[in-house]
Amino acid sequence: MGHVHDAIVVGAGFAGLSAAVDLVERGYDVGVLEARPRVGGRVESMVLEDGMRIDSGGQFLCADMPNVMALARHYGKTLVRPHMEGNFILQPPADEAESWRIYRESANLRERIKGLDPGDPSLAGLSVADWLAGQNASDDGARAFRSMIEGLWCRPIGEVPLWYLVSNDRRITNTRSELEYFLGETMHSLAGDLARDLGPRLCTATPVDRILTTNDAVEIRAGGGTFRARQVIVAVPPVMASRIVFEPGLPHALASALNAWKSGTVIKALLRYPRRFWRDDGLSGMVMWRDPAGLFACDVSRDGRGAALVVFAGGQLAVEWRQMARGVLQDAIVGKLAAALGPDARDATEISLRDWTDDPWSGGGYSDTIADASATSAEEIIRAGRAPIHFACSELSSSFPGYVEGAIVAGREAAHRVEANARARHARA
Ligand SMILES: Cc1cc2nc3c(=O)[nH]c(=O)nc-3n(C[C@H](O)[C@H](O)[C@H](O)COP(=O)(O)OP(=O)(O)OC[C@H]3O[C@@H](n4cnc5c(N)ncnc54)[C@H](O)[C@@H]3O)c2cc1C
C-alpha cells in the first residue's frame, strides 16, 4: 500500500483549508484534494480591466465574526469600510419616513422569526411563506421581508422550511452590519494565504469522485489517482457531497440527510463608475428592492480606486435573470439602478457579472439550504458523519452558517472530530 495520510481533506474552500491548517498545526500528516484549479471555493476573485482584483464570491466580514477577523489580522489584510453614510433607497420608492417604517417592519419580522423555537412542533410542515401569511404584516412590510430573506438565503420563501430558517438565523448573531468591512487585498487572497501554508500538501484540479472505506484505510479516487488516509473530511457543500460515490454506501440516514438540501441561486454584479454620483443627492448607494424580491445593491468604492456598486440578485430573480443574454441582463441591472439612483447609473464604465447558479463545484450560493421540511435532524446526522468519514462546510457551522466565518468554524470543528477519533483509535490499539 502507498503512503497513508492521517487525514485527507476533500475541498479547499475556507472549511477545508481551515480544517487542514488546524490538523497540520497539531502535527498531523494531511493531504488536500481540490476539484478546481484554484482554492477558495465560493470565495473567488476576478481581475478588472485596470488590473484591480475584486471578490466575485464571498467578500464581506464584520467585527462580530471573530475567526475570519483573526485570520485577516494574522495575514496583515487591509480592512476597508464600505461607504454607508447617506440615505438608503427603497424600491419601489417611498418617502424617507415610510422607507424607515417598511425597513423596521421587515427587520422586526426577522427578529420575530429568531425568537421562535426551531423544535416547537407547531412549526412542523410550515414554510417561511406560510408563517409570513399569518403575521398580520402590511403588504409593503411583508414584501420587504420576503426580499430580505430571499436575498440572504437565495431560495423562494415558500420552499424554505420555517424551522430551518429559525435554526439557521439564530446562529447568525452579528449586531453590527455584516457589510462592515471587505478586504482591500480580497477575501480570496486570504484563502491563498492558507493554501500557501499548506504547501505541497494541497493538490488542485483533483476532483474526488469516489471514497472507498476498507479495513485498513480510506481510499480516495480523484483525478485518475488513488490517495489513502486513515480519515477523511469531506469539506464540500451537502449537495456536492451527495454527488460523491461512497463504497460501501453511506448509511441510509446519512445519505438521506445529504439529499435534503438544495443549492441557492445568486448572481453577483459589480458596476464601476467615473464618480460616486449618488452622493450628490445625499444617498449611500444602498438600494433594497421589495420588488423584485431578492435584489440589493451597495457602495463598494475604494478611496483612490474609483467608484463602484455591487448588486446581488438572489433566489427566483437569479433563476429568471440567468436566462437572459449577457447584454440584456446588464441592461436590466443598469435599468433597476437608474430607477433607484438616477440616470447617471447608466454611465457604468465596466460591468462584471458572476452567476453562481448551478456552479459545477459549488452548486450555487451563498449556501445550500434544507428543502425537505421533514429533515429536522439532517445537520446533526451529517455533522456526526460516520468515522472515518467526516463532513465540514459552512452550512454545518455552529455559528454563522452560510458565511466565511461559518466555514472556518465548521472546518475546525471537523478537525477536532478527526483528532478525537485518532486518539480513540490510538487508545484502542
Ligand atoms: C456570490 C457569493 C457571495 C457571498 N458573500 C459572502 C460575504 O460577503 N461574506 C461571507 O461571509 N460569506 C459570503 N458568501 C458565502 C461564503 O462564500 C461561503 O459560506 C463559504 O465560502 C463556504 O465555504 P465552504 O468551505 O463551506 O464551501 P466552498 O467554498 O464551497 O468550498 C468547497 C470546495 O470543495 C470543492 N469541491 C466540491 N466538490 C469537490 C469534489 N468532488 N472533489 C474535490 N473538491 C470538491 C469546491 O471546488 C470548493 O473549493 C458568499 C457566497 C457567494 C457565492
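Fair warning: this is a prediction, and the values are worked out from it, not measured in the lab.

## Quick notes on the packing of aromatic side chains
Part 1: Summed over the entire model, instances satisfying the criterion amount to 13 aromatic pairs.
Part 2: Centroid distance phenylalanine 312 to tyrosine 366: 6.1 Å. Interplanar angle 75°. Geometry classified as edge-to-face. Of this pair, phenylalanine 312 sits in strand E18 (residues 307-314) while tyrosine 366 sits in the loop between strand E19 (350-355) and strand E20 (368-370), and the two are 54 residues apart along the sequence.
Part 3: With a relative accessible area of 10%, phenylalanine 312 lands in the buried category.
Part 4: For tyrosine 366, a relative accessible area of 29% puts it in the partly exposed group.
Part 5: Where phenylalanine 400 meets tyrosine 403, the ring centres are 5.9 Å apart and the plane angle is 80°; that geometry is what we call edge-to-face. Comparing phenylalanine 400 with tyrosine 403, the two get one shared label, buried.

## Let's talk about helix H5 (residues 139-153)
What sets the pattern is the α-helix's 3.6 residues per turn: residues three or four places apart point alike.
Part 1: With 15 residues, H5 ought to run about 21 Å at 1.5 Å a step, and its terminal C-alpha atoms sit 21 Å apart, in line with that.
Part 2: Taken residue by residue, H5 has Gly141, Ala142, Ala144, Phe145, Ser147, Ile149, Glu150, Gly151 and Trp153 as its buried positions.
Part 3: With its phi angle positive at about 60°, cysteine 154 sits one or two positions after the end of H5.

## Observations concerning the sheet that holds strand E6 (residues 79-80)
Part 1: Taken in spatial order, the three strands make up an open sheet running E5-E8-E6, and their pairing is antiparallel. For this open sheet the edge positions go to strand E5 (60-61) and E6, each flanked by a neighbour on one side alone.
Part 2: Bridge count between E6 and strand E8 (residues 181-183): two bridges; the pairing is antiparallel. Across the sheet, the residue bridging to valine 80 is phenylalanine 182, located in E8.

## Some points on empty space enclosed by the protein
Part 1: Under the definition given, this model contains two cavities of 30 Å³ or more.
Part 2: Roughly 230 Å³ of volume is contained in the largest cavity.
Part 3: Of all the secondary-structure elements, those providing two or more residues to the lining of the largest cavity are strand E4 (53-55), E8, strand E15 (266-273), E18 and E19.
Part 4: The leading source of residues in the lining of the largest cavity is E15, at four residues.
Part 5: Tallied by class, residues from the lining of the largest cavity come to eleven nonpolar, seven polar and seven charged.
Part 6: When we break the lining of the largest cavity down by domain, the ones giving at least three residues each are domain 1 (4-79 + 182-262 + 372-428) and domain 2 (85-176 + 265-355).
Part 7: Considering only enclosed or pocket space, the second largest cavity measures out at about 30 Å³ in volume.
Part 8: When its residues are assigned to classes, the lining of the second largest cavity shows nine nonpolar, no polar and no charged.

## Observations regarding the domain arrangement of the protein
Part 1: Here the domain parsing of the protein yields domain 1 (4-79 + 182-262 + 372-428) and domain 2 (85-176 + 265-355).
Part 2: Domain 1 and domain 2 are separated by 29 Å when their C-alpha centres are compared.
Part 3: Here domain 1 meets domain 2 over a buried area of about 2,500 Å², counting both sides, of which 56% is carbon and sulfur.
Part 4: In this assembly, domain 1 and domain 2 are joined by four salt bridges.
Part 5: As a salt-bridge pair, aspartate 64 and arginine 176 come within 2.4 Å of each other at their nearest N and O atoms.
Part 6: The tally of links between domain 1 and domain 2 comes to 13 residue pairs in polar contact (both at pLDDT 80 or more).
Part 7: The set of elements that each furnish at least two residues to the side of domain 1 that touches domain 2 consists of E4, strand E14 (261-263) and helix H12 (378-384).
Part 8: Of the residues contributing to the side of domain 1 that touches domain 2, the split by class is 15 nonpolar, eight polar and eleven charged.

## Details of the pattern of salt bridges
Part 1: Going through the model one piece at a time under the given rule, you end up with 38 salt bridges.
Part 2: When the shortest N-O distance is used, the salt bridge between aspartate 193 and lysine 77 registers 2.7 Å. Linking aspartate 193 in helix H7 (residues 187-198) with lysine 77 in the loop between helix H2 (66-74) and E6, this pair joins segments that are 116 residues apart in sequence. Just as aspartate 193 is buried, lysine 77 falls in that class too.
Part 3: Here arginine 101 makes a salt bridge to glutamate 105, at a shortest N to O gap of 2.9 Å. On the criterion of helical spacing, the pair formed by arginine 101 and glutamate 105 is a turn pair, its members being four residues apart in helix H3 (residues 96-114).
Part 4: Shared partners join several salt bridges into a network, and the residues in it are Arg36, Arg38, Glu44, Arg354 and Asp359.

Procedures and definitions
- Residues numbered from 1 in each chain as written.
- Predicted model: local features only at pLDDT ≥ 70, side-chain atom pairs only at ≥ 80, totals over all residues.
- Heavy atoms only, no water.
- Phe/Tyr/Trp six-rings, centres within 6.5 Å; stacked < 30°, edge-to-face > 60°.
- Helix = DSSP H or I, 4+ residues; strand = E, 2+ residues; numbered from the N terminus.
- Buried < 20%, exposed > 50% of the residue type's maximum accessible area, 1.4 Å probe, protein only.
- Expected span 1.5 Å × (residues − 1).
- Pairing = 2+ DSSP bridges.
- 1 Å grid on protein atoms, 1.4 Å probe; cavity = no way out; pocket = protein on both sides within 12 Å on 5 of 7 lines; lining within 4 Å.
- Points joined across faces, edges and corners; volume = space filled by probe spheres on them.
- Nonpolar A, V, L, I, M, F, W, Y, C, P; charged D, E, K, R; others polar.
- Domains from an automatic or database assignment.
- Buried area = accessible area lost by both parts, 1.4 Å probe.
- Salt bridge = Lys/Arg side-chain N within 4 Å of Asp/Glu carboxyl O.
- Polar contact = N/O pair within 3.5 Å; in protein donor to acceptor, adjacent residues only side chain to side chain.

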